Amino acid sequence: MLEVRPATSDEDLGHIARISQAVSPDSPVNVDEMKWSDAKYPGGQRFLAWLDGEAIGSGGAGRVYMFPPDFPALWGNISVLPDHRRNGAGSALLARMSDVAREAGKTQLMGRTTSDRPAAIAFLQHRGFTESERMKVVRLPLAGLSLPPASAPEGAVISSLEERPELVPGVYEVARLALPDIPGDAPMAPDTLEEFRVRDVDRKNIPPGGFAIAIDKGTGEVVGYANLMVVPGNARLAWHHMTAVAPAWRGRGLATALKRATIEWAAVNGLDAVEGANDIDNAAMRAVNARLGYQPMADEVGFRGPLWPPRPGDEAEAP
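Below is a summary of the structure that appears in this document. (Residues numbered from 1 in each chain as written. Predicted model: local features only at pLDDT ≥ 70, side-chain atom pairs only at ≥ 80, totals over all residues. Heavy atoms only, no water.)

In this section: the packing of helix H1 (residues 10-23) against helix H2 (residues 31-40). Each packed pair of helices is defined by two parameters, the angle between the axes and the distance between the axes. Running from amino to carboxyl end, H1 crosses H2 at an angle of 120 degrees, the nearest separation of the two axes being 9 Å. As the angle between them shows, H1 and H2 are arranged oblique. Where H1 crosses over H2, the handedness of that crossing is right-handed. Here Asp 10, Leu 13, Gly 14, Ile 16 and Ala 17 of H1 lie close against H2, whose contacting residues are Val 31, Met 34 and Lys 35. Residue composition of the contact of H1 with H2, grouped by class: five nonpolar, one polar and two charged. (Axes fitted to C-alpha atoms, helices over the stretch in contact; angles between N-to-C directions. Helix = DSSP H or I, 4+ residues; strand = E, 2+ residues; numbered from the N terminus. Parallel < 35°, antiparallel > 145°, perpendicular 65-115°, else oblique. Left-handed = near helix turned anticlockwise from the far one by under 90°. Contact = heavy atoms within 4.5 Å. Nonpolar A, V, L, I, M, F, W, Y, C, P; charged D, E, K, R; others polar.)

As C-alpha cells, then:
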C-alpha cells in the first residue's frame, strides 16, 4: 500500500539522499545540505512515499531562499524511483506539498526539471503548471583543459575570499547592484548583509578559494565577484553559483577573468567539471561561457503552478 509520511529523522533524510542519487546522479542532494536548509530557512517540510515498507519517492516544499519571504510560492521538488513511477506516488507527494504551501499562506508551488525529461514536464503540465523560466545549462570538463591564466583588465586585480575575507561587505554591495539586472523569474538581491552571508558566502560547499573577487586598484573597492558551489553529494563537480560585475566595470572582460579564476581553482583542486546555468535572455554571460569553451546540456526549465488538487478557497492566481 502506498503511504506518504513526513521525513523527520536522519534515517529519513538518508532515504531522500539515496533517492536523489538514483534520480539525479549528477546533482544529488545530501544530508548536510538538507540540514543546512532546515536550519537557515525553517518552515518547510519533507515527505517520503513508502510502498510496502520501501521508500520509493520523496518530495518537499519550503521557502525559495533566493526570493523574499513574502514571495507567493514555495519551492517544491519531487523524485520517484524509475521502477515506481505512474503508481500515484508523485501525485500523493504533490498533494502533501500543497498542504504545506496552504498552511504558509502561499498560492503556488514552483520547481525545476530539465528539457530531456518529458515525463516530468507532462506530469506538471497536466496539473496546471506552466513554464516560467528557461536556463541554458553548460558544462566544462576540466581533464586536459588548457586556458590562459586569469588576467584582470587594466585597473583591477583578482584575489579570493580566502585571501581577503574582510571584503565580504564590498562583495555584498556589488551583489546589490548586479543581481537585480540578471534576467530571471524574480528579484534575487538579498535584503541584508547577514542574509547574503548565509545564502552566498558562509556555506560549507562554497569554498573560499573558489570565490574570486575583483578589486579596483585605485580605490580598493570590490567591483566584481564569481563563486563556485560544490554540488552536494558530488564533490567532483561544482556549479557557477554567481558571477556579478558592478555596472561601471562591465564590458571590459572582467566577468570572463573572474570566471576563469574559478575554473583554475576547480582544476587545481581535482574537480572533474564545472557547470553553469543562465537565463535564456542573459546573452552577455552566455557569450562568456561560449568563449571559455563550455558545452551545452539539456535546458533547465522552471515551472510555476497552482496548489494541487485544488480546494475550495484556493486563490485563483496565474502562474
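Structure shown, so let's carry the discussion forward.
With that settled, the discussion passes to the pattern of salt bridges. Under the definition given, this model contains 21 salt bridges. Residue Arg 250 is joined to Asp 181 by a salt bridge in which the shortest nitrogen-to-oxygen separation is 3.0 Å. Residue Arg 250 is located in the loop between strand S10 (234-245) and helix H7 (254-268), and its partner Asp 181 is located in the loop between helix H5 (168-178) and helix H6 (193-200); the two are separated by 69 residues in the primary sequence. In this structure Arg 250 comes out as partly exposed when scored by relative accessible area, which is 38%. The exposure class of Asp 181 is partly exposed, given its relative accessible area of 47%. Overlapping salt bridges bring together Asp 99, Arg 102, Arg 311 and Asp 314 as one network. (Salt bridge = Lys/Arg side-chain N within 4 Å of Asp/Glu carboxyl O. Buried < 20%, exposed > 50% of the residue type's maximum accessible area, 1.4 Å probe, protein only.)

What follows concerns the packing of aromatic side chains. Evaluation of the coordinates by the stated rule reveals seven aromatic pairs. On the basis of an interplanar angle of 80 degrees and a centroid distance of 6.2 Å, the ring pair of Phe 196 and Tyr 225 is categorised as edge-to-face. One end of the pair, Phe 196, is in helix H6; the other, Tyr 225, is in strand S9 (residues 222-231), with 29 residues separating them in the sequence. Judged by relative accessible area, Tyr 225 falls into the buried class, the value being 1%. Ring geometry for Phe 211 against Tyr 225: centres 5.7 Å apart, planes inclined by 20 degrees, an arrangement best described as stacked. In this pair, Phe 211 sits in strand S8 (residues 211-216) while Tyr 225 sits in strand S9, placing the two residues 14 residues apart along the sequence. The pair Phe 211 / Tyr 225 is uniform in exposure class, with both members buried. Through pairs of rings, three or more aromatic residues link up here, namely Tyr 172, Phe 196, Phe 211 and Tyr 225. (Phe/Tyr/Trp six-rings, centres within 6.5 Å; stacked < 30°, edge-to-face > 60°.)

Packing of H7 against helix H8 (residues 283-291) leaves a shortest axis separation of 10 Å and a crossing angle of 55 degrees. The pairing of H7 with H8 is recorded here as oblique in orientation. Considering how the two elements wind past one another, H7 and H8 form a crossing that is right-handed. Contact with H7, carried on its side by Ala 255, Thr 256 and Lys 259, involves Met 285, Val 288, Asn 289 and Arg 291 of H8 and no other residues of that element. Looking at the contact of H7 with H8, its residues break down into three nonpolar, two polar and two charged.

Further remarks concern the side chain of Thr 256. Note that Thr 256 resides in helix H7. By relative accessible area, Thr 256 is classed as buried at 14%. For Thr 256, the contacting residues outside a window of four places in its chain are Val 288, Arg 291 and Leu 292.

Topologically, Val 23 is positioned in helix H1. Of the residues examined, Val 23 reaches a relative accessible area of 12% and is grouped as buried. Each C-alpha atom of the pair Val 23 and Pro 82 lies 7.5 Å from the other, and the pair is 59 residues apart in sequence. Those residues in contact with Val 23 that sit more than four places away from it in its chain are Ser 79, Val 80, Leu 81, Arg 85 and Arg 117.

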